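Commentary on secondary and tertiary structure
Next come the chains, spelled out residue by residue.
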Amino acid sequence: SVFLNLVYVPLITFIVFPLVLITFIINPLIVILNPITQILEVTSIYFSKMTFLTFTFHHLPFCGVIMYYVIITYILYKLSYQKYQFLIILIIVLWVHNNILLFNKYPIIIMQDVNQGDSTIIITPHSTSAVLIDTGGNIGDYSLSHNVIIPTLKAHGIKKIISLIISHGDMDHAKEALTLMDYYKIDNIILNSKSDTPLEKKIINKAQSKKINCLKVIKKKLKINKQTFYIYSNSFATNENENSLIVYTKLNQKNILFMGDAGIESENVFLKEYNLVNVDILKVGHHGSKNSSSLKFINKIKPHISLISAGVNNQFNHPHSEVINILTSVDSKIYQTNKHGMIKLILKDKITVVYNSTLQQ
């Protein structure tokens, strides 16, 4: 928050911190320190919730950081001569940096490395909000929200999640939704029509308490950030994986398909519903399990790029060699989080794929 940086940092540095040191010597002064710290805590929580006071800055390369230092040094030099008009330059730079995604004309897809789970960010052109499909969710105390998802969103200048799509209620796809609701602005949550697992019920209850709109769908065409998303689930599903929402969209003339954990049963139903061919980007179903991505399905859609989210040395041996062979048979370029880490696709006329700080065309 700009307010917290401008007010609280000097207040803590020049008043609270010296007072803490003095109380070590004059212990009764703690009766003064305690009310001050309590007031600071309450007001900081209050102001931190005021989103208009918060800037979300896109990650800068080293040359960008150097440019900041040069600009700020130059402005400080001019201010020393009382040329206050140069503050306008700083305000413009900060505004542009805070809204850099408004100038982005290419869609971006980021498959996050969430170990044995799924979580994909979709950034549409000229928007500072994003669509998030699944959240991942490790078992244990490690927080993917704090360590992976939120840092990735902020590093790309994303101010809010306009739609969080939960494909289904398994922990490795949905658990972090509970934490994200506390720490990131979310407008809508979209779930499949059979959202009845204990985790999905918790997500719905928490969303309702935070006044986040929840939508259960079987088959729906939605406009999100001026882009059309077709969301589908198999109404005849026999298990939680087959319940998965399947998401199709077209960005910059690229056909993109996200399969959640849908298996062969749902693939066959989906093929009957949609005559989809020549998919440019496929998020492979069920982490590359042999129970999904059948030869019939892959031969029909012929994905140019296949994305697989799987943990390193995972206990399920995902992705299965049979699935890799099927994808290879149609000359699909395969990218896996267990090999490449986070995978970022920039949907220019020719798709650019970035992973592990290397650039592949």
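Above this text you will find the structure in question.
Topic: the packing of aromatic side chains
Applying the stated criterion across every chain yields a total of eight aromatic pairs. Ring centres 5.2 Å apart and planes at 70 degrees place the aromatic pair tyrosine 77 and tyrosine 81 in the edge-to-face group. Aromatic side chains tyrosine 230 and tyrosine 248 sit 5.8 Å apart centroid to centroid with 35 degrees between the ring planes, which places their arrangement in the tilted category. Residue tyrosine 230 is located in strand E8 (residues 227-232), and its partner tyrosine 248 is located in strand E9 (residues 246-251); the two are separated by 18 residues in the primary sequence. Cluster of aromatic residues (ring-pair linked, three or more members): Tyr232, Phe270 and Tyr274.

Description of the pairing of strand E5 (residues 186-192)
Of all the seven residues making up E5, five are buried; the element is thus mostly covered by neighbouring parts of the structure. Where E5 lies against strand E6 (residues 213-217), five bridges are found, and the strand directions are parallel. What sits directly across from asparagine 192, in E6, is valine 217. In this fold, E5 hands off to helix H8 (residues 198-209), which returns the chain to E6; that crossover is right-handed.

Section: the side chain of histidine 156
Mapped onto the elements of the fold, histidine 156 is located in the loop between helix H5 (144-155) and strand E4 (160-165). Among the residues examined, histidine 156 registers a relative accessible area of 8% and is labelled buried. In contact with histidine 156, other than residues within four places in its own chain, are His58, Leu101, Ile110, Ile123 and Lys344.

Quick notes on the pattern of salt bridges
What the rule picks out here adds up to six salt bridges. Note that lysine 206 is salt-bridged to aspartate 182, the shortest N-O span being 2.7 Å. Here the residue lysine 206 occupies a position in helix H8, and aspartate 182 occupies one in helix H7 (residues 177-183), the gap between them amounting to 24 residues. Via salt bridges that share partners, Lys160, Lys185 and Asp187 belong to a single interconnected network.

Basis of the calculations
- Residues numbered from 1 in each chain as written.
- Predicted model: local features only at pLDDT ≥ 70, side-chain atom pairs only at ≥ 80, totals over all residues.
- Heavy atoms only, no water.
- Phe/Tyr/Trp six-rings, centres within 6.5 Å; stacked < 30°, edge-to-face > 60°.
- Helix = DSSP H or I, 4+ residues; strand = E, 2+ residues; numbered from the N terminus.
- Buried < 20%, exposed > 50% of the residue type's maximum accessible area, 1.4 Å probe, protein only.
- Pairing = 2+ DSSP bridges.
- Right-handed = clockwise from strand over helix to strand, strands pointing away.
- Contact = heavy atoms within 4.5 Å.
- Salt bridge = Lys/Arg side-chain N within 4 Å of Asp/Glu carboxyl O.

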